[in-house]
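Structural characterization, general
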Amino acid sequence: MSDTHAQSVAFMRDTMLPEAPPPESEAGVVRWIRSNLFSGWFNTILTITSLYCLYLFLAAVGPWLVNGVWDAADIRECREKLQGATGGCFAVIAERWPQMIFGFKYPSEIYWRPAVAFILLLVAIAPVLFSKVFPARMLYFSALYPFLAYYLIWGGTILIPVIALLGFAVGYFVYARQVYRSFAVGLFGGIAAAVATWFIGGFITAALPEFLALREVASRDIGGFMLNLILGTVCVSLSLPLGILLALGRQSEMPVVKGICVVFIEFIRGVPLITLLFVANVVLAYFLPPGTNFDLIVRVIIMITMFASAYIAEVIRGGLAALPKGQYEAANALGLDYPQAMRLIILPQALKISIPGIVNVAVGLFKDTTLVSIISMFDLVGMVRGPILSSSDWNGVYWELFGFAGLLFFVVCYGISQYSQWLERQLRTDHR
Amino acid sequence: MLLSDTRYRSYTFQFIALLCLIAAVAFLARNLMNNLEAAGLNISYSFLNSASGYDINQRPIAYDSQSTHLRAAIVGILNTLIVAVLACVTATFLGVAAGVLRLSNNWIVARLMAIYVEAFRNIPVLIWILIIFSILTMSLPAPNAFRGDDATSSMLFRAFAFTNRGIYTPLPIMGPGGWLVAGVFVASLIGIWLFRKWATKKLFDEGRMIATFWPSVALFFIPALIAFFVLGMPITLDYPALKGFNFQGGLQIRGSLIALWLALSVYTGAFIAENVRAGIQAVSVGQSEAAASLGLRPRRIMNLVVLPQALRVIIPPLVSQYLNITKNSSLAIAVGYMDITGTLGGITLNQTGRAIECVLLLMAFYLVISLSISTVMNLYNNAIKLRER
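Residues numbered from 1 in each chain as written. Chains lettered and ligands numbered in written order. Predicted model: local features only at pLDDT ≥ 70, side-chain atom pairs only at ≥ 80, totals over all residues.

**Details of the overall build of chain B**
Per the secondary structure count, chain B includes 11 helices and 7 strands. Taking all 389 residues of chain B together, the buried fraction comes to 30%. (Helix = DSSP H or I, 4+ residues; strand = E, 2+ residues; numbered from the N terminus. Buried ≥ 20, exposed ≤ 12 C-beta atoms within 10 Å, placed from the backbone.)

Here's what the structure looks like:
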């Protein structure tokens with residue numbers, strides 16, 4: 001073949017060249033830096049500005065973290081050890097962390113009880129959060145957990161949580177036996193049975209106050225981050241069912257029911273949480289029968305639950321509205337009545353759509369539990385602002401304390417929001 | 001039975017619900033009556049007209065301790081509105097910048113903005129307010145650092161002093177004719193708006209492009225400056241000066257106001273950034289591709305195609321963030337800024353003991369604000385709703 005053109009073609013390559021790597025400036029780190037950081041004058045300015053800001057931040061925070069003093073009795077010793085160098089006085093955290101976690105009145109000998117309750121909380125919540133990983137039988141423990149946690153944190157006789165649990169069990173038993181007649185019969189039968197059990201149980205607990213009793217802790221002695229966690233978990237779990245009811249009520253075609261729900265939701269959403277906490281603190285007592293005396297913590301739980309349920313109701317209403325109308329019609333066509341249609345068809349789908357919104361509300365609510373420090377409850381922020389910063393030992397250690405408080409909240413809130421994004425991906429049943 | 005007959009079931013339910021509601025309200029009202037009687041109290045708003053007896057350090061209108069509780073509440077309302085409006089403006093700028101930059105293809109800026117958003121969204125705003133307040137009070141110099149020949153601090157441009165008691169800035173003093181200049185300025189702002197509207201109409205009707213930038217700049221400055229000099233410079237600035245132990249004159253912006261303003265801005269800015277990002281991402285790529293194939297330039301694609309559609313997604317959550325700012329401004333009480341919660345819900349409540357009345361008025365104020373903003377919002381939503389044919 002090459003013979004015919006031997007004179008006309010001077011040279012023809014008959015082997016492939018090996019692949020050459022791309023030019024140095026178009027590959028690897030250099031290319032990445034050029035295209036991502038310095039592609040044009042505007043990007044270059046942005047990069048340099050942000051690098052400078054990062055440098056300023058690290059130059060301020062780095063030495064502060066590295067030189068930090070972890071072992072000192074008070075702020076003066078801290079400053080002596082630092083000798084004018086920049087450095088954090090983290091000794092305050094080392095010394096006061098039990099107070100920041102448990103509050104300053106919780107008896108220190110029994111710190112193990114809330115600690116155990118917290119570990120069990122993780123165990124109880126795991127099968128709810130990761131239902132595919134953990135066996136379903138663990139859910140029984142999750143159902144037991146609230147009563148166990150109450151017993152561990154508040155103490156007192158074991159009969160109170162046992163009777164409370166018994167009431168729920170009897171109520172559920174009656175409901176399960178009667179629900180085939182109609183949902184209403186089952187529901188009201190169950191409620192009546194539970195109330196009867198609690199009423200009878202009241203005599204038993206009154207008669208045996210020392211039966212298997214742990215040392216009792218008053219509600220006002222509970223504080224620190226524990227209080228934030230208690231308020232957050234209790235209020236979110238209580239407000240979920242309430243929020244579902246409110247959302248269904250607002251969707252209802254009955255004007256009276258709808259009106260009540262709309263007024264409630266719009267009223268709660270229109271006022272700041274702090275005014276509701278004022279209500280819990282100074283006003284609520286006027287509206288209760290004379291002589292009743294709730295703990296402040298119970299009053300606060302009531303108001304925060306109302307607050308959260310209004311927001312959750314709006315989220316769930318969005319989920320209900322997003323369901324195609326065909327789902328409602330299909331449920332009707334199957335001959336299901338309203339409670340059945342809601343329980344079996346509508347709510348499972350609507351709640352799935354609303355998960356990101358509900359998690360947002362939960363995270364927001366958990367952050368808002370810090371507001372109780374304004375009505376002089378000693379939660380984490382209240383502890384920092386009150387007993388710790390005003391003590392003569394640590395007067396002036398702002399950064400370390402608020403930084404630690406912020407870090408605790410960040411870990412929990414960021415964790416929850418990452419979980420919700422993961423769950424959304426898990427629950428996605430359509431094909432993409 | 002009435003419950004099983006579908007014709008009457010809904011009426012029966014509503015009747016029962018109404019009965020329950022009336023019973024609950026009656027129960028609460030009866031308890032209230034009994035409790036008030038037992039405590040020897042009554043419901044009365046006459047305390048609003050008695051002298052308050054306390055001072056407010058940041059007051060936009062004349063107020064002293066002899067003024068009434070009502071006037072204290074009005075000062076509080078004004079303070080709430082001031083901090084809310086300031087925070088709304090800065091949070092919007094911050095949020096839009098952070099949201100756009102988070103979508104930037106500049107890796108480091110996008111990461112920094114993601115860190116900013118996550119850090120501020122996941123830590124309670126109360127903690128941010130307290131942190132910023134303690135930065136201001138701890139790290140800024142005391143007024144007497146500005147004193148004498150060996151002063152350790154100096155005033156910026158001889159006009160601004162940053163101290164741990166707040167920031168002192170010059171205050172414009174309106175001489176005779178000063179308001180006329182301000183009026184001319186406002187009139188020229190309206191003029192700019194009308195001019196731009198006319199230019200758009202011209203473009204749509206006749207296809208003629210009219211340059212708007214330089215005429216707008218001219219309209220912005222020239223009439224007000226002419227009025228200012230013709231009237232003999234009626235507006236002067238009152239500069240703060242160190243007298244005694246503190247600065248006198250000028251405008252003092254308290255550290256508590258600044259802390260609240262900054263904290264609300266950066267906290268809400270993080271939320272707004274997420275809204276802006278979601279809004280821009282919600283406009284499908286096909287839209288900008290279609291615009292590009294029509295031959296529009298990138299800036300015009302952004303202005304004419306992407307932004308109008310993104311705004312439709314961004315504005316409703318943006319307004320609810322404004323509502324959140326207004327409600328969160330009630331945290332002023334934590335740093336001692338006297339907003340409505342601090343005056344009416346704080347000192348007035350504690351001094352008069354009129355808890356029910358004060359909390360009711362407080363709630364009514366926030367409700368009025370929320371409901372009026374959401375009414376405006378609904379009108380706006382209806383106006384920009386996609387009209388499908």
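What follows continues from the structure just given.
**Structural notes on the overall build of chain A**
Looking only at helices and strands, chain A features 16 helices and 0 strands. Taken over C-alpha atoms, the radius of gyration comes to 31 Å for chain A, far larger than the 22 Å a tight globule of 432 residues would show. In terms of overall dimensions, chain A has a C-alpha envelope of 115 × 80 × 40 Å along the principal axes. Across the 432 residues in chain A, those meeting the buried criterion constitute 31%. (Rg over C-alpha atoms; globule rule 2.2 N^0.38 Å.)

**Details of the packing of helix α9 (residues 224-251) of chain A against helix α12 (residues 296-322) of chain A**
All names here are of chain A. Running from N to C, α9 and α12 point in directions that differ by 45°, and their axes come no closer than 6 Å. As summarised for this structure, α9 and α12 are arranged oblique, according to the angle between their axes. Here the hand of the crossing between α9 and α12 comes out right-handed. A class-by-class count of the residues in the contact of α9 with α12 yields 19 nonpolar, 5 polar and 2 charged. (Axes fitted to C-alpha atoms, helices over the stretch in contact; angles between N-to-C directions. Parallel < 35°, antiparallel > 145°, perpendicular 65-115°, else oblique. Left-handed = near helix turned anticlockwise from the far one by under 90°. Nonpolar A, V, L, I, M, F, W, Y, C, P; charged D, E, K, R; others polar.)

**Observations regarding the packing of helix α11 (residues 273-283) of chain A against helix α11 (residues 355-384) of chain B**
For the pair α11(A) and α11(B), interaxial distance at closest approach is 10 Å and the crossing angle is 170°. When the axis of α11(A) is compared with that of α11(B), the two are roughly antiparallel. Across the interface between the two elements, A:T275, A:F278, A:V279, A:V282 and A:V283 of α11(A) pack against B:A355, B:I356, B:V359, B:L362, B:M363 and B:Y366 of α11(B). Here the contact of α11(A) with α11(B) is composed, by residue class, of 10 nonpolar, 1 polar and no charged. (Contact = placed C-beta atoms within 7 Å.)

**Some thoughts on the nonpolar core**
Within the largest apolar cluster, 155 residues are counted, with the highest numbers of intra-cluster contacts made by A:L277, B:I127, B:W128, B:I129, B:L260 and B:A263. When residues in this core are grouped by element, the largest group, 15 residues, is from helix α7 (residues 255-282) of chain B. When sequence neighbours within four positions are dropped, the list of residues in contact with B:A263 reads B:V125, B:W128, B:I129 and B:I132. (Core = buried A, V, L, I, M, F, W, Y, C linked by C-beta atoms within 7 Å.)

**Considerations on the confidence of the model for chain B**
The pLDDT averaged across chain B works out to 83; a share of 92% of its residues lies at or above 70. Listed scores for the predicted complex are pTM 0.85 and ipTM 0.85. (pLDDT = per-residue confidence, 0-100.)

**Let's talk about the environment of B:R254**
Residues and elements named next belong to chain B. Among the structural elements, R254 can be located in the loop between β7 (251-253) and α7. Exposure remark for R254: the 19 C-beta atoms within 10 Å place this residue in the partly exposed category. Sequence separation between R254 and Q58 is 196 residues; the distance between their C-alpha atoms is 7.0 Å. The residues touching R254, leaving out its near neighbours within four places in the chain, are N57, Q58, G166 and Y337.

**Thoughts on the sheet that holds β7(B)**
All names here are of chain B. Pairing in this open sheet of 3 strands is antiparallel, and the strands run β1-β2-β7 from one edge to the other. Two strands lie at the open edges of the sheet, namely β1 (161-163) and β7, each paired on one side alone. Here the strands of the sheet are splayed against their neighbours by 20° on average, with no regard to which way each runs. One ladder, built from 3 bridges, connects strand β2 (residues 166-169) with β7; its direction is antiparallel. Pairing of Y168 across the sheet is with Q252, part of β7. (Pairing = 2+ DSSP bridges.)

**Section: the interface of chain B and chain A**
In this complex, chain B contributes 46 residues to the contact, which on the side of chain A involves 40 residues. Contributing elements (two or more residues each) for the side of chain B that touches chain A: α1 (9-39), α3 (107-121), α4 (125-139), α10 (340-352) and α11 of chain B. Ranked by residues supplied to the side of chain B that touches chain A, first place goes to α1(B) with 13 residues. Considering only residue class, the side of chain B that touches chain A consists of 31 nonpolar, 13 polar and 2 charged.

**Some words on the pairing of β2(B)**
Side chains on a regular strand alternate between the two faces of the sheet. Residues and elements named next belong to chain B. Bridge count between β1 and β2: 3 bridges; the pairing is antiparallel. Bridge assignment links T163 to a residue of β2, and that residue is G166. Counting the residues in the hairpin turn of β1 and β2 gives 2 residues.

**Observations regarding unusual backbone geometry**
Residue and element names in this part refer to chain A. Positioned with a positive phi, S376 is a non-glycine residue whose angle comes to about 55°. Here S376 is to be found in the loop between α14 (338-368) and α15 (380-390). Residue classification places S376 among the exposed residues on the basis of 10 C-beta atoms within 10 Å.

**Section: the environment of A:D393**
All names here are of chain A. Looking at the secondary structure, you find D393 in the loop between α15 and α16 (398-427). Separated by 248 residues in the primary sequence, D393 and Y145 place their C-alpha atoms 39 Å from one another. If we ignore the near neighbours within four places in the chain, the residues touching D393 are D74 and I75.

**Examining the environment of B:I253**
Counting through the fold element by element, B:I253 comes out in strand β7. Measuring from C-alpha to C-alpha, the distance between B:I253 and B:T169 comes to 7.9 Å, with 84 residues separating the pair along the chain.

**Looking at helix α9 (residues 298-328) of chain B**
Residue and element names in this part refer to chain B. In a regular helix each residue adds 1.5 Å, so 31 residues correspond to 45 Å; α9 covers only 39 Å between its end C-alpha atoms and thus falls short of that length. Along α9, the largest kink reaches about 45° and is centred on V306; proline P308 follows within four residues of it. Looking only at α9, the buried set comprises A310, I314, L318, Q321, Y322, L323, I325, T326, K327 and N328. Those residues of α9 hidden inside the fold are in contact with α2 (69-102), α4, α7 and α11. (Expected span 1.5 Å × (residues − 1). Bend = angle between axes of the 7 residues up to and from the residue.)

**Structural notes on helix α2 (residues 41-66) of chain A**
All names here are of chain A. Taking 1.5 Å per residue, 26 residues should reach 38 Å; α2 reaches 36 Å between its end C-alpha atoms and fits that length. Its axis deflected by about 25° at L58, α2 carries its strongest bend there. Little of α2 sits out of view: just 2 of its 26 residues are buried.

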